[in-house]
Amino acid sequence: MLLALATFANAQTAREEIYADLHRSASNYLAYPEPTGVHYTAAPRGYKPFYISHYARHGSRWLIGKDEYPAPVRRLNRAKRAGVLTPVGERALAILDSVERMSNGRLGELTPLGHRQHRGIAQRMYKNFPEVFDGDVSVDARSTVVIRCILSMQAECMALQALNPKLRFRNDASHHDMYYMNYEHDDNLSKFRGEPDARRTRDDFWKQTVDSRRFVSQLISDENYIKDSVNSDALMNSIFNVCSNMQSLDTDLDLYWLFTPEECYQLWRNSNLGWYINYGASPLTKGKMPYFEANLLRNIIETADTCITQQHPGATMRFGHEVVIYPLAALMELGNYGKAYTDPYTLEVDVRNYNIFPMASNIQIIFYRKSGSDDVLVKTLLNEHEMTLPVQSDKAPYYHWRDVRDYYLAKLNAFSL
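What this report covers is the structure whose coordinates are included nearby. Every value quoted in this text rests on a predicted model; they were computed, and no experiment measured them. (Residues numbered from 1 in each chain as written. Predicted model: local features only at pLDDT ≥ 70, side-chain atom pairs only at ≥ 80, totals over all residues. Heavy atoms only, no water.)

Quick word on the overall build of the protein chain
The line we're drawing: Working definition: helices are DSSP H or I runs of at least four residues, strands are E runs of at least two. Numbering for both runs from the N terminus. For this measure, only C-alpha atoms enter the radius of gyration; the expected value for a globule follows 2.2 Å times N^0.38, where N is the number of residues. Exposure classes here rest on a 1.4 Å probe applied to the protein chains alone. A residue is buried below 20% of its type maximum, exposed above 50%, and partly exposed in between. Contact criterion: two residues are considered in contact whenever any of their non-hydrogen atoms come within 4.5 Å of each other. Per-residue and other accessible areas follow the Shrake-Rupley method at a 1.4 Å probe size, with only the shown protein chains counted as cover for residues. Under the counting rule used here, the positive set is Lys and Arg, the negative set is Asp and Glu, and His together with the chain ends is not counted. To locate a charge, take NZ of a lysine, CZ of an arginine, CG of an aspartate or CD of a glutamate.
When helices and strands are tallied, the protein chain shows 16 helices and 8 strands. Taking 22 Å as the expected radius of gyration for a compact globule of 417 residues, we find that the protein chain reaches 23 Å, a close match to that expectation. Expressed along its principal axes, the backbone C-alpha trace of the protein chain runs to roughly 80 × 50 × 45 Å. Counting across all 417 residues of the protein chain, residues that qualify as buried make up 53%. Sequence separation of at least 24 residues holds for 80% of the intrachain contacts in the protein chain that already meet a minimum separation of 6. Carbon and sulfur atoms make up 49% of the accessible area of the protein chain, which totals about 19,000 Å². Separation of charge centres in the protein chain, based on 47 positive and 49 negative side chains, amounts to 1 Å.

Quick word on helix H3 (residues 70-81)
Cut-off, in case you're wondering: A helix's residues, less one, multiplied by 1.5 Å, set its expected span.
Relative to the 16 Å expected for 12 residues at 1.5 Å per residue, H3 spans 16 Å between its end C-alpha atoms, a close match to the ideal helical length. Within the span of H3, buried status applies to Ala71, Pro72, Val73, Leu76 and Ala79. Tucked inside the fold, the buried residues of H3 contact helix H4 (87-102), helix H11 (223-229) and helix H12 (232-245). Phi turns positive, to about 75°, at Gly83, one or two residues after H3.

Some remarks on the nonpolar core
Threshold: Grouping buried Ala, Val, Leu, Ile, Met, Phe, Trp, Tyr and Cys residues that are joined through side-chain atoms within 4.5 Å yields what is termed a nonpolar core.
Ranked by size, the top nonpolar core spans 50 residues in total, and within it Leu334, Ile363, Phe367 and Trp401 carry the most contacts. By residue number, the principal contributor to this core is helix H14 (residues 294-307), which donates 7 residues. Discounting chain neighbours no more than four positions away, the residues touching Trp401 are Ile301, Ala304, Asp305, Ile308, Phe367, Val376, Leu377 and Val378. Judged by nonpolar contacts, the second largest core, of 46 residues, contains Val84, Leu93, Val230 and Leu255.

Quick look at the packing of aromatic side chains
Heads up, the rule is: Classification of ring pairs uses Phe, Tyr and Trp, with its six-membered ring standing for Trp, and accepts pairs whose centres are within 6.5 Å; under 30 degrees between planes counts as stacked, over 60 as edge-to-face, and the remaining range as tilted. Criterion for a charge above a ring: Lys NZ or Arg CZ within 6 Å of the ring centre, and within 35 degrees of the ring normal.
Enumeration over the complete set of coordinates arrives at 19 aromatic pairs. Grouping aromatic residues by their ring pairs yields a cluster made of Trp275, Tyr279, Tyr326 and Phe357. Positioned over the ring face of Tyr279 is Arg193, at 4.5 Å from the centre of the ring.

A short note on the pairing of strand E2 (residues 138-143)
Definition in use: The pairing criterion is simple: DSSP has to find at least two bridges between the two strands. The handedness of a crossover follows from its direction of travel: if, with the strands pointing away from the viewer, the path from the first strand over the helix to the second runs clockwise, the crossover is right-handed.
Of all 6 residues in E2, 5 are buried; the element is thus mostly enclosed. As paired strands, E2 and strand E3 (residues 168-173) are joined by 6 bridges and run parallel to one another. Bridge assignment links Val139 to a residue of E3, and that residue is Phe169. Following the chain from E2 across helix H6 (residues 147-163) to the adjacent parallel E3, one finds a crossover that is right-handed. Looking at chain direction, E2 and strand E4 (residues 314-320) are connected through 5 bridges and run parallel. By the bridge assignment for E4, Arg142 is matched with Arg318.

Quick word on unusual backbone geometry
The bulk of non-glycine residues show a negative phi, and the bulk of peptide bonds are trans. Note that the residue after Ala396, namely Pro397, is joined by a cis bond; omega there is 10°. Considering the arrangement of structural elements, one finds Pro397 in the loop between strand E7 (385-387) and strand E8 (399-400). Positive phi, normally seen in glycine, also occurs at Ser27, with a value near 55°. Turning to its location among the elements, Ser27 is positioned in the loop between helix H2 (14-20) and strand E1 (48-57). The backbone of Asp250 sits at a positive phi, close to 55°, despite the residue not being glycine.

Observations regarding helix H16 (residues 401-414)
Defined as follows: Taken from the helix axis, the directions to the C-beta atoms give the arc we talk about.
Compared with an ideal rise of 1.5 Å per residue, which puts 14 residues at 20 Å, H16 spans 20 Å between its outermost C-alpha atoms and is within 8% of the ideal. When we look at burial in H16, the residues that qualify are Trp401, Val404, Tyr408, Leu409, Lys411 and Leu412. Across the axial projection of H16, the buried residues extend over an arc of 160°, all falling on one side. Away from its buried face, by an angle of more than 90 degrees, H16 presents the exposed residues Asn413 and Ala414.

A closer look at the environment of Gln310
Among the secondary structure elements, Gln310 is positioned in the loop between H14 and E4. Between the C-alpha atom of Gln310 and that of Tyr51, which follows or precedes it by 259 residues, the distance is 9.7 Å.

Focus: the pattern of salt bridges
This is how the line gets drawn: The salt bridge criterion pairs a side-chain nitrogen of Lys or Arg with a carboxyl oxygen of Asp or Glu, the two atoms within 4 Å.
A complete count under the given rule lists 23 salt bridges for this structure. Salt-bridge contacts for Glu109 lead to Arg106; the nearest nitrogen and oxygen are separated by 2.8 Å. Judged by its relative accessible area of 39%, Arg106 is partly exposed. Across the pair Arg142 and Asp140 runs a salt bridge whose closest N-O atoms are separated by 2.8 Å. Within the structure, one salt-bridge network assembled from shared partners comprises Asp140, Arg142, Arg170 and Asp177.

Points about the state of the cysteines
In plain terms, the rule: Throughout, disulfides are identified as pairs of cysteine sulfur atoms within 2.5 Å of each other.
According to the stated counting rule, one finds 0 disulfides in the structure shown. Between Cys307, a cysteine without a disulfide, and Cys157, which holds the nearest cysteine sulfur, the sulfur-to-sulfur distance is 15 Å.

Comments concerning the packing of H14 against helix H15 (residues 322-331)
The condition is simple: Convention adopted: a line fitted to C-alpha atoms gives each axis, helices being fitted over their contacting stretch, and angles between N-to-C directions are expressed from 0 to 180 degrees. Angle categories are assigned with fixed cut-offs, so that under 35 degrees is roughly parallel, over 145 is roughly antiparallel, 65 to 115 is roughly perpendicular, and the rest are oblique. We call a crossing left-handed when the near helix sits turned anticlockwise from the far one by less than a right angle, and right-handed when that turn is clockwise.
The contact between H14 and H15 brings their axes to 10 Å, and the two run at 70°. When the axis of H14 is compared with that of H15, the two are roughly perpendicular. Of the two possible hands of crossing, H14 and H15 adopt the one that is right-handed. For the pair H14 and H15, the contacting residues are Ala294, Leu296, Leu297 and Ile300 in the first and Val324, Leu328 and Leu331 in the second.

Quick look at the structure:
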């Protein structure tokens, strides 16, 4: 009890966490924070890991949109030609211009940091669960058809191969698997994102929390020009996106000095709300968004049912995107992520998106068994941290697979639009 009270007392608010490290405000652009000081709960006596099922987001990447780098450069250049760009604006423009040039031909590509992230994840997976990768076992690794995901898969597989040359890999990246690897095209589900209440909530929250006037005034000196020729919110947001993603680029260039910690926090709050509405169990989207990953969860279950019949099944590894990781975490009800929250101002108490889907984010389901027993236990990690599951267990954070399996199948079978 004393330990629990001490933990509660030392818990930081989202504002405090972001003030301590502004990179967290990047939401899905946060570079994977390598876990330190993590201590896993010992497995029940006699149980050993024998199989891993996992889904990982690609590692750190460049921005994707073709106008994401040019847009802020274009807007500041226009102000420069008008003679209203401040010295701070000149400095910001120089950095933005440099990053845009660096991005030429690389939109959406995996960065060197992205490769290192996945090598590190694979190495720790091997170290934490060596029994899974012992001997000449098989690793079935699949990726979406996007090159940054394929390269992320390659990075993990090569790291594992270096640790055990006997491992046998099956690698694939095919449209054949996209129905569960990155299921996007369901108009019946997507329509809920257009709910008027969802749009209104996001718009109202932005108006109440974000004030772009200070930010823009440090870049542009003429108030009339700002009023007549600048969309201040758009300029602030576009620069923040570039700034947020620069932590993935192995560069000394930085733009966080343009933003106050409070501005970073408020911009993050809006991102946190938007992602929750579009991908979490938000009542504003009728709690439907996690079911985009119904096919994936069924695949995880069915593949595991096949693999656990084998003496030494190895691992099933999948590589995709954050738009899968977030709803999958909600669908699986990892920790608090499957719960419904109605107040956008207190959402961050339990849901902080930078803990869910940074670059290279991953969900690992570790399967355990012991000799002479047909009871299989599972433990689930989100970004290499133990998570609770929505079933009762006498061995938490280890859960009986039969209970987990039955709960998820019942949930999937009961779903309807």
